[in-house]
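A look at the structure
Read off the chains here:
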Amino acid sequence: MIRSAPFTVEDTLSWHVRSVVERLRPADLAELRAPFITAGWVVAAAAVLISLLGSILFFRLTAPIAASVLDRESRFRGLFTTMGNGVLICRAADPQGRNFQVHDANPAAERIEGRTRDEIVGRSLAECLPDAHRTGCLAAAQEVWRTGAAVRLPPRYPGDSRLSQWRPFRLYKLGPGP
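Residues numbered from 1 in each chain as written. Predicted model: local features only at pLDDT ≥ 70, side-chain atom pairs only at ≥ 80, totals over all residues. Heavy atoms only, no water.

Here's the deal with the packing of aromatic side chains
A ring pair, where both rings are aromatic, is described by two values, the distance of the centres and the angle of the planes. Here is the rule we go by: Only the six-membered ring of Trp is used, alongside the rings of Phe and Tyr, when aromatic pairs are assigned; centres must lie within 6.5 Å, and planes under 30 degrees apart are stacked while those over 60 apart are edge-to-face, with the rest tilted. Between buried and exposed lies partly exposed: a residue is buried under 20% and exposed over 50% of the maximum accessible area for its type, with that area taken using a 1.4 Å probe on protein chains only. Counting as a charge over the ring demands two things of the Lys NZ or Arg CZ atom: a distance within 6 Å of the ring centre and an angle within 35 degrees of the ring normal.
Tallied over the entire structure, the rule returns 2 aromatic pairs. Ring centres of Phe58 and Phe59 lie 5.2 Å apart, and the angle between their planes is 75 degrees; on these two criteria the pair is classed as edge-to-face. Overall, Phe59 belongs to the exposed group, its relative accessible area being 56%. Geometry around Trp145 places Lys173 over its ring, the cationic atom sitting 5.8 Å from the centre.

This is the structure we're talking about:
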């Protein structure tokens, strides 16, 4: 005949865990938590310190670079606004580079085209230069966009009633930018 044991393993473990928990007082729990709380504060302080030092290092390293970029932008803007040649800065209006939108125009371009900057910027190249197809300017812009190589077109007479001057076209691809 098989007799069952008066206590099982589960009963014994359960009783042991209960007895340990019952013996712990709130003061004992505080002692158990204290090292973890201290470690948490140390980690938080280290994280703040590392973030602060990283930010300072970032700004110290990038300040000269930012100053250089601003200086170059200032020089470019000065040259762009005072040069006698008309300049239109265009961007591809579609991923294939078939159409272009004027992004910026210098004062000389305004004078040559007989339009204000607001009448030029934001419009398509074909709208700004109605003879762009006939003079080959649009095809040259597409080639420059595709190959990256500069193109120089011989002077052309636009044939536009607004303008009565021969115009040479030089097209360049600028580096990446806004």
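With respect to the nonpolar core
The criterion, for reference: Here, the term nonpolar core denotes a set of buried Ala, Val, Leu, Ile, Met, Phe, Trp, Tyr and Cys residues that are joined through side-chain atoms within 4.5 Å. Numbered from the N terminus, helices here are DSSP runs of H or I no shorter than four residues, and strands are runs of E no shorter than two. Only heavy atoms matter for contacts: two residues are in contact if any of them lie within 4.5 Å across the pair.
Residues Leu125, Leu129, Cys137, Leu153, Phe169 and Leu171 are the most contacted members of the largest nonpolar core, which totals 13 residues. Elements represented by at least two residues in this core include exactly helix 7 (137-147), strand 3 (151-156) and strand 4 (167-171). Top element by residues in this core is helix 7. It accounts for 5 residues. Those residues in contact with Cys137 that lie beyond four places of it in its chain are Leu129, Ala132, Leu153, Phe169 and Leu171. By size, the runner-up hydrophobic cluster in this structure holds 5 residues, among which are Val102, Ala109, Ile120 and Cys128.

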